[in-house]
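Given next are the chains, with one letter for each unit.
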Amino acid sequence: MKYEPMFDKIDLHLIRVLHTVLTERSVSRAALRLGMYQPAVSAALKRLRELAGDPLLVRSGSNMVPTVAGLRMVEPAADILRSAETLFSEARAFDPATAHHTFSLAASDYLDPLFLPQLVSQVKAAAPNCHIEIHPLSADADYRSHLAQGQYEVVIGNWLKPPDDLHLGRLFGDEVVSLVASHHPAVRRGWDLEAWLAAEHIAPTPTHPGARGVIDDHLAAQGLTRNITARCPHFGLIPSMVAGSLLVLTTGRQYCERFVGVLPVQILPCPPVFPRMMYYQLWHERTHSSNAGRWLREQIKSVAAALRGTLPEAAAA
C-alpha cells in the first residue's frame, strides 16, 4: 500500500469517537453520547482499529473493556480534543446565546434538591445550543483525575477540608440539623445526646466497606456512635422514608427545609455540636482560564445565592 501521512487518515471527529468509545466502553452508549447512529460509530471504530493495528475495545464477559493500547490512548485523545476546543473557542469571548459547548460537572446528591434543576434551567435558558452532563459525586469518586483529564469542568459538594491542589469557590455554609416525622416522639419530648444517639437513624449507603460520611466521622472523633438502622443509596428518597417512620436523617438545614410543608416532617436541633457543612465548587487549573468554564462557574454561584434567598428567614440565618 502506498504510504500516506497519518494526518491524512485521521480527523478530529475520529479522535472524538475514539475517546468516547474508550471512556463509555460501549459502542451503543458512545453513539447516544455523540448523537450518531450505532453503525456509523462501529464503522469509525473499525477504521480506528485498522489505524492502530489493535482491537482497542474487546469483550470481557458481558462487558467491553479497553485493551492496553486503548487505555494508553484515552489521555492523549482527551488532550487533542481539549486543545482543539481551546484553539478556537478560547480565542474569542464565550457567547452563551450562540455557543455550542458541552458542560460536564459532578455534584453531590446532598445538595439542595432544587439546585441542579435550577442550574440546568438557567444554563439552557441562556445557552440553548449547549449540552450539560451531570455526573454523581460519591465520597470515593476520583474527581481529581476527572478534572485533570477534562472529563469534568466543575465538581460541587461539601468537604470538611477541600483539597488545596484545586481552585475553589465557596457557595454557602449550612447548619447540621435532624429531620424527623411530625409524629416522632422527640417533637413533643425533645431529646438529649443519649436519646439522639439511641434513636433510629438513616444514613446513605457507604461507598465501600468501612466508609463513613462527615456526620459519623465527626461523631467518631468524639468517641460517639449513633444507632443507624437503615441505609439508602438514593439520598433524595430518604425524606419520604423519614416521613413514614421513626427514622432520623441528619444533614444540612437547607436540604431539610425543602421538605417541610411538603411532607409531614419537622426539623429538630442536634444535641451533638457539629461544624457547619461547607459547600464549594472545585475546578482544575486546566479550565481556570476557560471562558466557557468561567461562565459556568458564575451560573453555579448565582444559583446557590438565589436558593439561599428563597429559604425562610430563620433557616437562612
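For the structure, see preceding data.
Here's what I pulled together on the structure shown here. All of these numbers come straight from a predicted model, not from anything done at the bench.

Rules behind the numbers
- Residues numbered from 1 in each chain as written.
- Predicted model: local features only at pLDDT ≥ 70, side-chain atom pairs only at ≥ 80, totals over all residues.
- Heavy atoms only, no water.
- Phe/Tyr/Trp six-rings, centres within 6.5 Å; stacked < 30°, edge-to-face > 60°.
- Helix = DSSP H or I, 4+ residues; strand = E, 2+ residues; numbered from the N terminus.
- Buried < 20%, exposed > 50% of the residue type's maximum accessible area, 1.4 Å probe, protein only.
- Pairing = 2+ DSSP bridges.
- Axes fitted to C-alpha atoms, helices over the stretch in contact; angles between N-to-C directions.
- Contact = heavy atoms within 4.5 Å.
- Core = buried A, V, L, I, M, F, W, Y, C linked by side-chain atoms within 4.5 Å.
- Salt bridge = Lys/Arg side-chain N within 4 Å of Asp/Glu carboxyl O.
- Parallel < 35°, antiparallel > 145°, perpendicular 65-115°, else oblique.
- Nonpolar A, V, L, I, M, F, W, Y, C, P; charged D, E, K, R; others polar.

**Quick notes on the packing of aromatic side chains**
For step 1, the next point in the chain: Enumeration according to the criterion identifies nine aromatic pairs in this entry.
For step 2, the next point in the chain: Centroid distance phenylalanine 94 to tryptophan 295: 5.4 Å. Interplanar angle 50°. Geometry classified as tilted. Of this pair, phenylalanine 94 sits in the loop between α4 (68-89) and β3 (102-107) while tryptophan 295 is found in helix α12 (residues 291-309), placing the two residues 201 residues apart along the sequence.
For step 3, the next point in the chain: Judged by relative accessible area, which is 19%, phenylalanine 94 ranks as buried.
For step 4, the next point in the chain: Feature note: the residues Tyr110, Phe235, Tyr255 and Phe259 constitute an aromatic cluster, connected by ring pairs.

**Focus: the sheet that holds strand β7 (residues 176-181)**
For step 1, the next point in the chain: One open sheet holds the three strands; their spatial order is β10-β7-β11, and the pairing between them is antiparallel. Each having just a single partner strand, β10 (249-252) and β11 (265-268) make up the two edges of the open sheet. In this sheet, neighbouring strand axes are inclined to one another by 35° on average, regardless of whether the strands run parallel or antiparallel.
For step 2, the next point in the chain: The sheet contact formed by β7 and β11 spans four bridges and is antiparallel. If you follow serine 178 over to β11, its bridge partner there is leucine 268.

**Brief notes about the sheet that holds strand β6 (residues 167-174)**
For step 1, the next point in the chain: Taken in spatial order, the five strands line up as β4-β3-β5-β12-β6 in an open sheet, and their pairing is mixed. Each edge of the sheet is formed by a strand with only one pairing partner; in this case those strands are β4 (131-136) and β6. Within the sheet, the average angular offset between the axes of one strand and its neighbour, ignoring direction, is 20°.

**As for the pairing of β7**
A regular strand carries its side chains on alternate faces of the sheet.
For step 1, the next point in the chain: Across the six residues of β7, six count as buried, placing the element largely inside the fold.
For step 2, the next point in the chain: Because side chains alternate across β7, one face comprises the buried residues Val176, Ser178 and Val180, and the other comprises Val177, Leu179 and Ala181, equally buried.
For step 3, the next point in the chain: Alignment of β7 against β10, held across four bridges, turns out to be antiparallel. Residue pairing across strands places valine 177 opposite threonine 251, the latter belonging to β10.

**What about the environment of methionine 36?**
For step 1, the next point in the chain: By the element assignment, methionine 36 lies in the loop between α2 (27-34) and α3 (38-52).
For step 2, the next point in the chain: Judged by relative accessible area, which is 21%, methionine 36 ranks as partly exposed.
For step 3, the next point in the chain: For the pair formed by methionine 36 and valine 17, sequence separation is 19 residues and the distance between their alpha carbons is 9.8 Å.
For step 4, the next point in the chain: Once residues lying within four places of it in the same chain are set aside, the contact partners of methionine 36 are His13, Val17, Ala31 and Val41.

**Overview of unusual backbone geometry**
For step 1, the next point in the chain: For arginine 25, which is not a glycine, the phi torsion comes out positive at approximately 55°.
For step 2, the next point in the chain: Taking relative accessible area as the criterion, arginine 25 reaches 38% and is therefore assigned partly exposed.
For step 3, the next point in the chain: Phi at leucine 56 takes a positive value of approximately 65°, unusual for a residue other than glycine.
For step 4, the next point in the chain: Mapped onto the elements, leucine 56 comes out in the loop between α3 and β1 (57-60).

**Observations concerning the nonpolar core**
For step 1, the next point in the chain: Among the nonpolar cores identified, the biggest contains 37 residues, and Phe103, Phe115, Ile156, Trp191, Trp196 and Ile300 are the most heavily contacted of them.
For step 2, the next point in the chain: Broken down by element, this core gets its largest block of residues, seven residues, from α12.
For step 3, the next point in the chain: The contact partners of isoleucine 300, leaving out residues within four places of it in the chain, are Phe115, Leu119, Val154, Ile156, Leu171 and Gln281.
For step 4, the next point in the chain: Membership of the second largest hydrophobic core comes to 18 residues, among which are Leu22, Val27, Ala31 and Leu57.

**Focus: the pattern of salt bridges**
For step 1, the next point in the chain: Applying the stated criterion across every chain yields a total of 11 salt bridges.
For step 2, the next point in the chain: With a shortest N-O distance of 3.5 Å, arginine 29 and glutamate 24 are connected by a salt bridge.
For step 3, the next point in the chain: Here arginine 29 falls in the partly exposed class, since its relative accessible area comes to 43%.
For step 4, the next point in the chain: One salt-bridge network, held together by shared partners, links Glu24, Arg29, Arg33 and Glu133.

**Re the side chain of threonine 67**
For step 1, the next point in the chain: When you line up the elements, threonine 67 lands in the loop between β2 (63-66) and α4.
For step 2, the next point in the chain: Excluding anything up to four places from it in sequence, threonine 67 contacts Asp54, Pro55, Leu56, Leu57 and Val58.

**Regarding the pairing of β1**
For step 1, the next point in the chain: Two strands pair when backbone bridges link them, and β1 and β2 are joined in this way by four bridges, in the antiparallel orientation. The residue of β2 that forms the bridge with serine 60 is asparagine 63.
For step 2, the next point in the chain: The loop that links β1 with its antiparallel partner β2 comprises two residues; one of these, glycine 61, has a positive phi angle of about 65°.

**So, the packing of helix α1 (residues 12-24) against α3**
For step 1, the next point in the chain: Where α1 meets α3, the closest approach of the two axes is 10 Å, and the angle between their N-to-C directions is 95°. If you check the angle between α1 and α3, you find them roughly perpendicular. Here Leu14, Val17, Leu18 and Val21 of α1 lie close against α3, whose contacting residues are Val41, Ala44, Leu45, Arg47, Leu48 and Leu51.
For step 2, the next point in the chain: Along the lines of polarity and charge, the residues of the contact of α1 with α3 split into nine nonpolar, no polar and one charged.

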